[in-house]
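Chain by chain, the residues:
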Amino acid sequence: MIPKLMQSLVLPVANAKASRRQFMLGALAAGGGVAVGYHILASSTAAASETAADGNKAVAFTPYLTIDNTGKVMVLSSQFEMGQGSYNGLATLVAEELDADWSSIDVQGVAGNVKAYGNVAFGGAIQGTGGSTSMVTSWERYRKAGAAARAMLVAAAASEWGVQPAEITVENGVLAHPSGKTAGFGAFAAKAAAMPLPVDVKLKQPADWKLIGNAKLKRFDSTRKTNGTEQYTIDVNLPGMLTAVMIHPPMFGAKVKSFDAAAARSVKGVVDVVETPRGIAVVGEHMWAAIKGREAVKVVWDDTDAEKRSTPELMAMYKDLAGKAPVAIARKDGDVDAGFAAAAKVIEATFEFPYLAHSAMEPLNAVARRNEDGTLEIWGGHQFPDVYQMLAGQIVGITPDKVQLHVMKTGGSFGRRAVFDGDVVVESVYVAKAIGFRAPVKVQWTREDDMRAGRYRPSYVHTLKAGIDGDGKLVAWSDHIVGQSIMAKTAFDGMIQNGVDPTSVEGANNLPYAIPNQTVGLTSTDVGVPVLWWRSVGSTHTAFAAETFIDEIAEAAGRDPIEYRLSMLDPQSRHAVVLKLAAEKAEWTKPLPKGRFRGVSVAESFGSVVAQIAEVSTDDSGGIKVERVVAAVDCGLAVNPDQVRAQVEGGIGFGLGAILGEEITLTSGKVDQGNFDVYTPLRIDAMPVVEVHILASANPPSGIGEPGVPPIGPAVANAVYKALGKRIRTMPLAKSFNA
Amino acid sequence: MMKLNVNGRDHEIEVEPEMPLLWVLRDELSILGPKFGCGIAQCGACTVFLDGEPVRSCSVTVGEISGAVTTIEGLMPDGRMHPVQQAWLDEQVAQCGYCQAGQIMTAVALLEAIPNPTDEDIDNAMSGNLCRCGTYPRIRAAIRRAASANAGA
């Protein structure tokens, strides 16, 4: 890594023009921090020529957009689109500063230029989509790119028309001069792209925004997602392409000992059966042939090193560990032992969380093709592109720059396609290699493959303990978290400091409440089940444990749950403000009709704070239904308010499904669930009515893809307690009643 | 050789009769709107019409059908958005969009059967279609919008 970076820093600067470009691109690429080379423009031009699939000539303006001769603006997105609306957000930033016609905007994912596309929120050295950072990393970068392109178009028009640039106006994709001259972007695109990049650009004042913050703006990609024409990875169909399905080890860590593919090879349409380091691949002319062929393969597995434990055994071990002293300390304030000793009342609770599958609607897939010139192309949901380039290149024996990634849109992801080992991406390369690169190969997982191949939200146990004084004031708090580290033994290992994986404790070690004595401890477990970030990551469990326990403490103190939380918060804090907003909008103090009950929670994640008030109803048989959720959101400035609403609505559905019914369990190391008949995400009949209230904010945008998820579980659990008098501590929720 | 009518066009196909309709549409005819989500009729992403009735194309074999198939591509024969699709746009339903072709097909069938559905009708009809992005509130709103457009027409 370091030699490569050095090389880019010492690239020769050819002339003054290049020098100016270098400055500007540096500012664009790294937020002004690191100087980057002139090569960025060259590489982006190469990308641009490929975007012109429609036959129009597109030219690059910085690595972030191209404009073609018809005036079509193609935003080149560093951020991967899985439904969360990042493409739309980046398009909004560019179109705003460019004064483009919104209907002329399109977006294409790009990869392979970390200097330009590195995620600022991850330190800039890696391109990636995750942690709800797309707006954070793009906010300055893509607005500046739009403004720079606008200035270049204006300069080109001024030169052509022989007028002063300052006299030219740009509106809705049209350049105009008071003399009556007008032109679309296409007329000047080529000339403008050759203009020097401005040394500095002035961004619009918020009062001048037309698209940013516009709640009526429709997503640029709505039509293609409504008429069936959006192209996902599953839709990639290259000439001569074969389709492969995998036979993964039935237990994590098992390996192929031997296999018999004779019967499979005689299945019509089966082309080959090959072994890869990730299992057996059955390669067919089409998906159905591969599936039929797979049924006929006999594999003998070596399970010597496999994880063979069952869920009850693992949970018993976790609970045992949770009762002991934590191995690592993530937070320590005051003297918690003294706090408990002095407390008038001490409450304890243990929470259990299962493994969860991401279960995006599009089962994982990727397409690999080796070209005659030795280069490799991979189509897929490239959430960590540099990593995939490197891993794929290693398999084939080529350098990462010879691996071209086509960033496809995918049917969801929720974190699943941000993997350290490249799983399905490298699988496609392994299979292509195993058949001698004689054809492009799509590896398509079935639902069962997707559900059983691991990378789950880790299972956790929390033990919480709280002490209140005679006035009900919370004086001591401890939370011991037991579960697998997501980052351990991965490229992110370096993020683990003093034995604490930040993704295990986020949401627990940053409680907003004023508690004088508190400790958050962590015991990371060694289990052979592959784990991963799952939409909202640590806060999926930490917020649940903390926010239901706070409710329990409020009750013990004889206080209203919102009033009690507010008593421990600075009234000006973001948490207090969203809590009060949610309380007001949900009419918290107004009595509910008979059979209706409310619960509240508030959680910060990915720089945003969300409070939710859930309203549940009960029926005569003791069944409960979540009827309504009122959410109050502080995500900084809402670039696309309607998409912020959509993400919070969807986050509530995603989180609610998990607590109501999702659970991955193991029996002797084998995953019990395989499909949606037994792994049951939320369906429409269980979806509450959702109201989202967005706090007006002038702060830069913070995350929104994930922060809607953490508060729903505890808000519902707190409402269910009010309804049924049972504290919910074992997920999914029904288990708390069986326990 | 089998004959299959899809979106008003006759196709001759040479496949095993037990091949699911979904894979015939996708891999043989390159009709890509219907999506693969589960393979066992649990998610609805592959929903198409068979003689006007919604079916899960992953769980219908091509050998057992004789009727005409309509996919999302056949919903707008004149190139104009179907009123249900227009309602989907107006309500900004889609996030990742992967399940939406199936959702829309199911919704079109619902509104043909019940032009003015209650909330319960909507939930009942749509509960076979999963959406992991959680677009459900907007699906409900879009169906209500399309229904009231029906009523107004």
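Residues numbered from 1 in each chain as written. Chains lettered and ligands numbered in written order. Predicted model: local features only at pLDDT ≥ 70, side-chain atom pairs only at ≥ 80, totals over all residues.

If you look chain B up in an unreviewed UniProt entry, it shows as (2Fe-2S)-binding protein from Mycoplana rhizolycopersici.

Under an unreviewed UniProt entry, the name given to chain A is Xanthine dehydrogenase family protein molybdopterin-binding subunit, and the source organism is Mycoplana rhizolycopersici.

### Concerning the overall build of chain A
Our working rule: Put simply, DSSP marks the helices as runs of H or I at least four residues long and the strands as runs of E at least two long, and each gets a number from the N terminus on. As defined in this context, the radius of gyration uses C-alpha atoms, and a globule is described by 2.2 Å times the residue total to the power 0.38. Any pair of residues counts as being in contact when their C-beta atoms, constructed from backbone geometry, are within 7 Å of one another.
Of the regular secondary structure elements, chain A holds 21 helices and 27 strands. In terms of overall size, chain A behaves like a compact globule, its C-alpha atoms giving a radius of gyration of 27 Å where 739 residues would be expected to give roughly 27 Å. Judged by the C-alpha coordinates and their principal axes, chain A covers about 80 × 70 × 50 Å. A fraction of 75% describes how many contacts in chain A between residues 6 or more apart in sequence connect residues 24 or more apart.

### Observations concerning the overall build of chain B
For chain B, the count of helices and strands is five helices and five strands. Starting at the N terminus and ending at the C terminus, chain B contains elements arranged as β-β-α-β-β-β-α-α-α-α. Its C-alpha atoms give chain B a radius of gyration of 15 Å, within 12% of the compact-globule value 15 Å for 153 residues. When its C-alpha atoms are laid out on the principal axes, chain B stretches across 45 × 30 × 25 Å. Put simply, of all contacts in chain B between residues at least 6 apart along the chain, 60% involve residues at least 24 apart.

### Description of the interface of chain A and chain B
Many analyses report the size of an interface as the accessible area lost when the parts associate. Stated formally: Just so you know the grouping, Ala, Val, Leu, Ile, Met, Phe, Trp, Tyr, Cys and Pro go in nonpolar, Asp, Glu, Lys and Arg go in charged, and all remaining residues, Gly too, go in polar.
On the chain B side, the residues contacting the 49 residues of chain A number 44 residues. Going through the elements one at a time, helix H9 (287-295), helix H19 (641-661) and strand S27 (689-694) of chain A are the ones with two or more residues in the side of chain A that touches chain B. Among the elements that take part in the side of chain A that touches chain B, H19 of chain A stands out by supplying eight residues, more than any other. Looking at side-chain class alone, the side of chain A that touches chain B contains 17 nonpolar, 19 polar and 13 charged residues.

### Observations regarding H9 of chain A
This is how it is decided: The burial criterion counts other C-beta atoms lying within 10 Å of a residue's C-beta, which is placed from the backbone; the residue is buried at 20 or more, exposed at 12 or fewer, and partly exposed between these limits.
Where burial is concerned, most of H9 of chain A is hidden: eight out of the nine residues are buried. Taken as a whole, H9 of chain A has its buried residues at Met287, Trp288, Ala289, Ala290, Ile291, Lys292, Gly293 and Arg294 of chain A. On its buried side, H9 of chain A packs onto strand S8 (242-247), helix H8 (262-265), strand S10 (270-276), strand S11 (279-284) and strand S18 (441-444) of chain A together with helix H1 (21-28) of chain B.

### Some remarks on the sheet that holds strand S6 (residues 174-176) of chain A
Residues and elements named next belong to chain A. Using the following cut-off: At least two bridges found by DSSP between two strands is the condition for calling them paired. In this analysis an axis means a line fitted to C-alpha atoms, helices contributing only their contacting stretch, and an angle means the value between N-to-C directions, from 0 to 180 degrees.
With antiparallel pairing, the three strands of this open sheet are ordered in space as S5-S6-S7. Edge positions in the open sheet fall to strand S5 (169-171) and strand S7 (182-184), since each of these has one partner strand only. Geometrically, the sheet is characterised by an average inter-axis angle of 25° between neighbouring strands, direction not taken into account. The pairing of S5 with S6 spans three bridges and is antiparallel. What sits directly across from threonine 169, in S6, is alanine 176. In this fold helix H7 (residues 185-193) packs onto S6 and S7, with an angle of close to 75° to the strand it touches most, S7.

### Some words on the packing of H19 of chain A against helix H20 (residues 712-724) of chain A
Residue and element names in this part refer to chain A. Note the threshold: Here the angle decides the label: under 35 degrees means roughly parallel, over 145 means roughly antiparallel, 65 to 115 means roughly perpendicular, and every other value means oblique. When the near helix sits turned anticlockwise from the far one by under a right angle, the crossing is termed left-handed; a clockwise turn instead gives a right-handed crossing.
At a closest axis distance of 8 Å, the pairing of H19 and H20 adopts a crossing angle of 55°. Accordingly, the angle class assigned to the pair H19 and H20 is oblique. The handedness of the crossing between H19 and H20 is right-handed. Within the contact between the two elements, H19 uses Ile652, Gly655, Leu656 and Ile659 and H20 uses Ile712, Gly713 and Val716. Of the residues in the contact of H19 with H20, the class split is five nonpolar, two polar and no charged.

### Digging into the domain arrangement of chain A
Residue and element names in this part refer to chain A. How we decide: Each domain's extent was defined by an automatic or database domain assignment.
The assigned domain composition of chain A is domain 1 (2-208), domain 2 (233-304 + 364-444) and domain 3 (311-356 + 456-738). Between domain 1 and domain 3, the residue contacts involve 13 residues of the former and 16 residues of the latter. Looking at the side of domain 1 that touches domain 3 element by element, the count peaks at four residues for helix H4 (residues 86-98).

### Overview of the UniProt feature "domain: Aldehyde oxidase/xanthine dehydrogenase a/b hammerhead" (unreviewed entry) in chain A
The following threshold applies: UniProt positions are given in the numbering used here, feature names are shortened, and annotations may be inferred rather than shown by experiment.
Within this structure's numbering, the places UniProt gives as "domain: Aldehyde oxidase/xanthine dehydrogenase a/b hammerhead" (unreviewed entry) are residues 227-305 of chain A. Segment residues 227-305 of chain A splits into 16% helix and 38% strand. End C-alpha atoms: 48 Å apart.

### Points about the domain arrangement of chain B
All names here are of chain B. By domain assignment, chain B separates into domain 1 (2-74) and domain 2 (83-152). Computed from C-alpha atoms alone, the centre-to-centre distance between domain 1 and domain 2 is 21 Å. Listed by partner, the interface residues are 13 residues for domain 1 and eleven residues for domain 2. Each residue belonging to the side of domain 1 that touches domain 2 can be placed in one class, and the counts come to eight nonpolar, four polar and one charged.

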